[in-house]
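What the coordinates show
Chain by chain, the residues run as shown.
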Amino acid sequence: MDLLAQIDLWVLGTGLLSIALGLLVGLFFGAMPGLGLTIAITLLLPLSYSMSPVNAILMLLAAYQAAEYAGSISAITLGIPGTVMAAPILQDGRPMARNNSPGKALGYSLYASVFGGLVGAAMLILFSQPLSRFALTLGDSEFFLLGLLGLVAVTSFEAADPLKALISIVLGLLVGLVGLDIISGMPRLDFGIPQLFDGLSLIALVVGLFALSEAYFMMAGNMCAGHRVPSENLRITLTWREMRDSGKAAITGSGIGVAVGILPGVGSTVSGWLAYSAARKLSKTPELFGKGSPDGIVAPDAANNATVGGALLPFLTLGIPGSAAIAIISGAFIIHGLQPGPLLARNNPEFLNAIFLGFVVTTIGMFFVARTLNTGFVRLLVTPNVVLVPFVIMLSILGIFTFRAEFFDLWLALGISMLALAFRKLDYSIVGFVLAVVLAPIIETSFRRALVIADGDYTVFIQRPISAVLIAGMAVLVVYATLRTVRRDRAMLNKKEA
Amino acid sequence: MSARMVDLIFLALLLSAGLVTVFVSRDLPPGFGGDIGPAAFPVALGWALVGLSGLAGLRTLALGTSVKAGLPGAGKIAVTIMAMAAFLLLWQTFGRFYLFGFGLMFGLLLFYGRDGGLNWRFALWSALGSAGFMGLAWLFFTHVLYVRF
Amino acid sequence: MKTPLQKLLAAAGLAALPALAMADNFPERPIELIVTYEAGSGADVMGRLIARLMSGHLPNGQQVVVVNRPGGGGTIGMTALTRAEPDGYTFAYTTSSPVTIQPHYGRTTFSIEDLAPIAKVIEVPAALNVHRDSPIENFEQWLEFVRANPRSFTYATTGGTGSGTHLVTEELAEALEVEIRHVPFEGDANSAAALSGGQLMGTMQMPNMHRGGDVRPILFMTSIKPPHPDYADIPTTTELGIPAVADFFAGFFAPAGTPPERIAVLEAALEAAMQEDDIVNFLNNAQFPIVFAGAEEFGEIVAETSTLNRAMLVRLGLIAD
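Bear in mind that the values here come from a model prediction, so they are computed numbers and not experimental data.

Along the backbone of chain B there are five helices and zero strands. For chain B, the sequential pattern of α-helices and β-strands runs α-α-α-α-α. A compact globule built from 149 residues would reach a C-alpha radius of gyration of about 15 Å, whereas chain B, at 24 Å, exceeds it by more than 25%. Buried residues in chain B amount to 40% of all 149 residues. Pairs at least 24 residues apart make up 63% of the contacts formed inside chain B by residues separated by at least 6 positions. Accessible surface for chain B amounts to roughly 7,900 Å². Of this, 74% is attributable to carbon and sulfur atoms. Chain B carries 9 positive and 4 negative side-chain charges, and their two centres are separated by 17 Å.

As a further point, take the pattern of salt bridges. On inspection of all chains with the given rule, the structure shows 20 salt bridges over all chains. Among the salt bridges present, the one from Glu-242 of chain A reaches Lys-104 of chain A, with a minimum N-O distance of 3.2 Å. Of this pair, Glu-242 of chain A sits in helix H10 (residues 240-245) while Lys-104 of chain A is found in helix H6 (residues 102-137), placing the two residues 138 residues apart along the sequence. In this structure, the salt-bridge partner of Asp-455 of chain A is Arg-151 of chain C, at a minimum N-O distance of 3.1 Å. Taken as a pair, Asp-455 of chain A in the loop between helix H19 (430-453) and helix H20 (460-463) and Arg-151 of chain C in the loop between helix H6 (139-148) and strand E6 (154-157) lie in two separate chains rather than in one. Overall, Asp-455 of chain A belongs to the partly exposed group, its relative accessible area being 36%. One network of salt bridges, in which partners are shared, links Asp-181, Arg-188, Glu-444 and Arg-448 of chain A together with Asp-35 of chain B.

This next bit is on the sheet that holds strand E10 (residues 248-255) of chain C. All names here are of chain C. Across the sheet, six strands lie side by side as E2-E1-E3-E10-E4-E11; this open sheet has mixed pairing. A strand with exactly one partner marks an edge of an open sheet, and here the two such strands are strand E2 (64-68) and strand E11 (290-293). Strand-to-strand, the axes of this sheet are offset by a mean angle of 20°, without reference to chain direction. Sitting on the sheet, helix H10 (residues 260-273) touches strand E1 (31-35), strand E3 (90-95), strand E4 (115-124), E10 and E11, and the angle it makes with E4 is about 15°.

On to the pairing of E3 of chain C. Residues and elements named next belong to chain C. The element E3 is largely enclosed, with a buried count of five among its six residues. Pairing between E3 and E10: four bridges, direction antiparallel. Bridge assignment links Thr-95 to a residue of E10, and that residue is Ala-250.

What follows deals with the environment of Gly-376 of chain A. All names here are of chain A. Tracing the backbone shows Gly-376 in helix H16 (residues 349-377). On the accessibility criterion, Gly-376 (43% relative accessible area) is partly exposed. Each C-alpha atom of the pair Gly-376 and Thr-362 lies 22 Å from the other, and the pair is 14 residues apart in sequence.

Residues and elements named next belong to chain C. Note the cis peptide between Phe-26 and Pro-27, where omega equals -10°. Considering the arrangement of structural elements, one finds Pro-27 in the loop between helix H2 (18-22) and E1. For Asn-60, which is not a glycine, the phi torsion comes out positive at approximately 65°. Assignment of secondary structure puts Asn-60 in the loop between helix H3 (42-55) and E2.

For the rest of this paragraph, the subject is the interface of chain B and chain A. Counting residues at the interface gives 69 residues for chain B, matched by 70 residues for chain A. Overall, the association of chain B and chain A removes approximately 6,000 Å² of surface from exposure, summing both partners, and the carbon and sulfur fraction of that is 81%. Taken together, chain B and chain A are joined by two salt bridges. Its salt-bridge partner being Asp-7 of chain B, residue Lys-164 of chain A comes within 2.9 Å of it at the nearest N-O pair. Along the contact surface separating chain B from chain A lie seven residue pairs in polar contact (both at pLDDT 80 or more). Elements with a minimum of two residues in the side of chain B that touches chain A: helix H1 (3-24), helix H2 (40-63), helix H3 (74-94), helix H4 (97-113) and helix H5 (120-143) of chain B. Top element by residues in the side of chain B that touches chain A is H2 of chain B. It accounts for 13 residues. In the side of chain B that touches chain A, the residues fall into 47 nonpolar, 16 polar and six charged.

Another aspect to go through is H6 of chain C. Residues and elements named next belong to chain C. For H6, the full list of buried residues reads Phe-139, Trp-142, Leu-143 and Val-146. The buried residues of H6 occupy one face: seen down the axis, they fall within an arc of 100°. For H6, exposure combined with an orientation more than 90 degrees from the buried face picks out Glu-144 and Ala-148. Tucked into the core, H6 has its buried residues touching strand E5 (127-131), helix H7 (164-176), strand E9 (215-220) and helix H9 (237-240). If you check the start of H6, you find a side-chain oxygen 3.3 Å away from the backbone N of Glu-140, and it comes from Asn-138.

With that settled, consider the sheet that holds E9 of chain C. By way of backbone hydrogen bonds, the strands of a sheet pair with one another, either parallel or antiparallel. Residues and elements named next belong to chain C. If you trace the five strands from one edge of the open sheet to the other, you get E7-E6-E8-E5-E9, paired in mixed fashion. Edge strands, defined here as strands with exactly one partner in the open sheet, are strand E7 (181-184) and E9. With direction set aside, neighbouring strand axes in the sheet form an average angle of 35°. Here three bridges tie E6 to strand E8 (residues 202-205), and the two strands are oriented parallel to one another. Bridging from a neighbouring strand, Ala-156 pairs with Thr-203 of E8. Along the sheet face, H7 touches E5, E6, E7, E8 and E9 and points at about 145° away from the line of E6. Along the sheet, helix H8 (residues 188-196) makes contact with E5, E6, E8 and E9, crossing E8 at roughly 160°.

A full pass over the atoms with the stated rule returns three cavities of 30 Å³ or more. Space inside the second largest cavity adds up to approximately 80 Å³. Considering the residues around the second largest cavity, the lining is formed by Leu-212, Ile-397, Ile-400, Leu-410, Ala-413 and Leu-414 of chain A together with Met-84 and Leu-88 of chain B. Residue assignment for the lining of the second largest cavity shows that the elements contributing at least two residues are helix H17 (385-404) and helix H18 (407-425) of chain A together with H3 of chain B. When residues in the lining of the second largest cavity are grouped by element, the largest group, three residues, is from H18 of chain A. Split into classes, the residues belonging to the lining of the second largest cavity amount to eight nonpolar, no polar and no charged.

Take the packing of aromatic side chains next. Evaluation of the coordinates by the stated rule reveals 38 aromatic pairs over all chains. When the ring of Phe-401 of chain A is compared with that of Trp-91 of chain B, the centres are 4.7 Å apart and the planes differ by 55°; the resulting orientation is tilted. On the criterion of chain membership, the pair formed by Phe-401 of chain A in helix H17 and Trp-91 of chain B in helix H3 is interchain, its members lying in two chains. Of the residues examined, Phe-401 of chain A reaches a relative accessible area of 5% and is grouped as buried. The rings of Phe-401 and Phe-407 of chain A together with Phe-87, Trp-91, Phe-97 and Tyr-98 of chain B are connected pair by pair, giving a single aromatic cluster. A cation over a ring is seen here: Arg-424 of chain A above Phe-217 of chain A, with NZ or CZ 4.1 Å from the ring centre. Positioned above the aromatic ring of Phe-23 of chain B, the side-chain terminus of Arg-26 of chain B is 4.0 Å from the ring centre.

The next thing to look at is a negative patch on the surface. Taken together, Glu-296, Glu-297, Glu-300 and Glu-304 of chain C make up a surface patch of like negative charges. The residue Glu-296 of chain C is located in helix H12 (residues 295-315) in this model.

Attention now goes to the packing of helix H11 (residues 247-262) of chain A against helix H12 (residues 269-282) of chain A. Helix packing geometry: the angle between the two helix axes and the distance between the axes. Residues and elements named next belong to chain A. In the contact formed by H11 and H12, the axes pass within 9 Å of each other and the chain directions differ by 145°. In this structure, H11 crosses over H12, and the sense of that crossing is right-handed. Touching Lys-248, Ala-249, Thr-252, Gly-253, Ile-256, Gly-257 and Val-260 of H11 are Ser-271, Leu-274, Ala-275, Ala-278, Ala-279 and Leu-282, all from H12. Its residues placed into classes, the contact of H11 with H12 shows eight nonpolar, four polar and one charged.

Right, let's talk about the domain arrangement of chain B for a bit. Domain boundaries in chain B define domain 1 (3-63) and domain 2 (75-143). Just the C-alpha atoms count here: the centres of domain 1 of chain B and domain 2 of chain B sit 40 Å apart.

Here is what the cut-offs are and how they apply
- Residues numbered from 1 in each chain as written.
- Chains lettered and ligands numbered in written order.
- Predicted model: local features only at pLDDT ≥ 70, side-chain atom pairs only at ≥ 80, totals over all residues.
- Heavy atoms only, no water.
- Helix = DSSP H or I, 4+ residues; strand = E, 2+ residues; numbered from the N terminus.
- Rg over C-alpha atoms; globule rule 2.2 N^0.38 Å.
- Buried < 20%, exposed > 50% of the residue type's maximum accessible area, 1.4 Å probe, protein only.
- Contact = heavy atoms within 4.5 Å.
- Areas by Shrake-Rupley, 256 points an atom, 1.4 Å probe, with all protein chains shown as cover.
- Lys, Arg positive; Asp, Glu negative; His and termini not counted.
- Charge placed at Lys NZ, Arg CZ, Asp CG, Glu CD.
- Salt bridge = Lys/Arg side-chain N within 4 Å of Asp/Glu carboxyl O.
- Pairing = 2+ DSSP bridges.
- Axes fitted to C-alpha atoms, helices over the stretch in contact; angles between N-to-C directions.
- Buried area = accessible area lost by both parts, 1.4 Å probe.
- Polar contact = N/O pair within 3.5 Å; in protein donor to acceptor, adjacent residues only side chain to side chain.
- Nonpolar A, V, L, I, M, F, W, Y, C, P; charged D, E, K, R; others polar.
- Arc of directions from axis to C-beta.
- 1 Å grid on protein atoms, 1.4 Å probe; cavity = no way out; pocket = protein on both sides within 12 Å on 5 of 7 lines; lining within 4 Å.
- Points joined across faces, edges and corners; volume = space filled by probe spheres on them.
- Phe/Tyr/Trp six-rings, centres within 6.5 Å; stacked < 30°, edge-to-face > 60°.
- Lys NZ or Arg CZ within 6 Å of the ring centre and 35° of its normal.
- Patch = residues over 30% accessible without salt bridge, like charges linked within 9 Å, V, L, I, M, F, W, Y side chains within 5 Å.
- Left-handed = near helix turned anticlockwise from the far one by under 90°.
- Domains from an automatic or database assignment.

This is the structure in structure tokens:
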């Protein structure tokens with residue numbers, strides 16, 4: 001009964017309260033486009049000064065976990081990805097909510113997020129040491145190949161038009177290169193515009209590409225017509241069968257999420273897209289993707305939340321933050337006199353155990369809080385477009401401007417929204433474009449840096465065993481994609497001649 | 001304009017974007033110490049864009065195109081884009097975000113509302129709704145986030 | 001940009017109106033603090049902490065309201081500062097790079113002439129490091145190694161080519177006449193991970209031995225060191241007399257032309273805030289030594305650092321003379 005004796009009601013009560021506060025703030029800020037986790041944390045940090053270290057950290061982790069999920073709520077209900085990470089959820093979350101069942105779409109998203117969060121927590125508790133040590137052995141040559149693999153995966157599955165998908169990717173890579181080149185210290189492709197010095201604002205890009213262009217598509221037909229949805233379709237519950245059927249996608253997504261979280265320098269923006277590609281690759285029904293496939297919601301959502309546990313892993317064991325959000329939370333550790341790193345487990349084991357336990361509680365708590373709130377959110381989907389469109393537009397403007405108060409970003413988003421219109425109309429691949437934008441810096445920097453470290457020796461990419469495996473995998477995908485393109489074009493030619 | 005023409009025009013834009021990329025990257029310095037230099041990727045990708053969009057153009061000419069013609073709601077989309085641009089210009093020049101923001105929301109609501117036949121009740125609710133939303137935004141951004149628009 | 005003559009006239013104008021200056025009741029409304037980095041970043045956390053505490057030390061108890069203007073490597077916020085009214089109601093918190101490096105590239109509309117330094121509040125220590133288990137035990141052994149093996153020692157910097165950490169390490173290599181190879185990284189975490197994973201032989205950053213990490217210093221490039229006992233025996237370039245000394249400061253600036261007595265008010269409030277327990281504890285936990293330099297001293301530091309950086313940028317061929 002030792003464990004029970006240790007539980008102090010006061011500690012437990014304040015702990016739960018801090019988690020609840022973190023969850024609510026995280027949900028709200030995550031769902032609002034442009035606000036996101038960083039602003040939630042700047043609001044919560046001053047509060048945390050007066051709290052006990054465990055409560056302070058749990059509150060921030062709860063906000064991180066909830067914000068990582070909440071972006072999907074606005075993606076599904078409004079078509080605005082609340083966070084950059086939530087953009088992949090749009091692909092299937094929107095169609096499912098519109099055409100089938102809004103409740104199911106939100107349900108898949110929530111169940112998957114909780115599942116991903118729990119997998120992340122389990123990895124954190126069980127394997128933190130070996131996993132973070134392994135992650136460190138990966139170097140720039142592997143990062144480069146992993147990034148390339150991510151791109152190749154998109155081209156090979158993009159069914160509509162592989163040639164245009166390739167064009168979208170090349171354009172995305174170019175857009176991703178805009179701004180300061182870290183290796184030479186030179187700004188590139190920025191046309192002397194100071195707002196482009198650090199690259200395009202990702203918020204403006206994602207909002208223009210997805211939210212505004214979705215608003216344009218919502219203008220078709222009579223905008224005053226309400227959406228009639230049977231009330232049982234508004235319930236946010238999944239059956240056992242539905243959960244079991246999407247189990248594979250959930251596991252794939254969580255695995256990718258944890259892995260991306262652990263790798264330092266690979267942003268969490270990538271994990272959702274990679275999970276989406278992988279789930280589509282592994283699915284028995286890839287043709288349903290983009291039309292409301294449950295797996296297309298489950299995989300990226302599980303990945304996003306598994307990233308949280310993944311990113312914490314190298315941070316708590318080695319003191320190296322696995323994501324930008326964790327780097328922000330590390331500020332709270334320092335404020336409370338805790339030194340994240342190998343010494344933490346040695347000097348404050350009880351603190352670490354409390355964090356582990358609290359992390360699991362946070363994830364489960366998120367399920368109940370979000371499910372309650374979602375019964376309100378789901379109503380947005382039966383609102384007629386006439387009201388929804390102006391609301392989406394104004395929310396997008398507020399979000400973009402709040403991020404860094406630049407008019408340039410707003411004009412950029414407006415321009416991008418027109419590009420998105422052309423992309424969607426002419427069968428280009430928005431998914432390929434966005435994935436290329438976020439992968440471009442990783443691909444280019446690690447390729448060049450690997451060469452700098454090797455002093456110009458190209459064999460660096462094949463010498464290491466992990467690199468060799470990655471190259472083989474990529475070759476298979478490229479051959480597969482080429483064969484399919486040729487077959488498709490030949491079929492089209494035959495049809496024309498016939 | 002035929003769908004095929006639209007396709008070709010967009011491809012021509014992409015092709016020129018590739019050429020511009022190559023052109024603006026010409027002044028970047030060469031790399032040293034094993035580095036391939038900052039220009040290598042932009043130039044290679046720029047030429048790739050030129051080549052691929054050229055290829056796609058030829059394919060469109062040879063195969064015809066699968067692009068669907070027409071864009072549902074094109075008129076409403078064009079008006080919305082222009083309204084947003086006008087709003088941004090006004091805000092940028094005169095400030096007063098909340099006033100112009102109310103104007104944009106209310107205007108769009110009335111404009112879209114024509115689909116269902118406008119009436120006074122709808123107009124009144126639109127005005128109240130836009131004002132309420134902008135008021136909430138003002139409270140939240142000014143007093144919670146300290147962001148002044 | 002103001003010419004020296006204009007500045008002289010402005011100063012004379014102010015001197016001619018002592019009565020008005022005496023009656024100044026600054027500040028009469030909330031003051032805006034521009035933080036030139038993203039909300040939630042390390043600099044933002046610190047800036048907000050100081051802003052909150054300095055409010056208590058301002059006359060009339062006025063609030064300091066933080067506005068984040070990130071981008072352009074910190075220069076977008078500084079540009080906004082130089083365009084603000086120089087009345088003391090707008091000031092900025094930033095680090096050394098946007099002030100002493102970026103303007104040399106000629107891409108900014110401001111130079112240090114357009115800024116009025118208020119106070120330096122932090123200096124981030126940085127050292128040349130090797131892996132904890134590296135056979136190189138100290139600076140002498142390192143020097144022996146790099147002399148015997150030119151171009152084989154690889155070191156990471158946390159800000160890439162042309163950043164402050166890169167420039168000072170090149171100054172070191174030049175002073176010692178050795179050849180080492182620079183590998184640009186982004187951020188402390190990535191360079192520390194690359195060192196731990198054995199991708200590199202060294203880094204130029206804040207060491208992390210005090211929290212059990214692998215980044216072990218052999219030579220501090222800043223005149224200050226983290227207070228932790230692990231670092232007590234590590235020499236600094238200042239002690240060894242090597243002309244490669246960095247000052248990675250964070251501090252406050254007002255637009256040039258801000259009345260000196262208003263700058264003095266802000267400086268006094270900052271100095272008092274920096275002695276509050278919250279800040280002292282924070283700096284202690286982060287292993288940043290406590291430094292404070294007022295307007296005059298800070299101005300000299302900024303001017304000197306800027307001149308040295310410019311010379312190094314020219315020698316590295318990153319800018320034309």
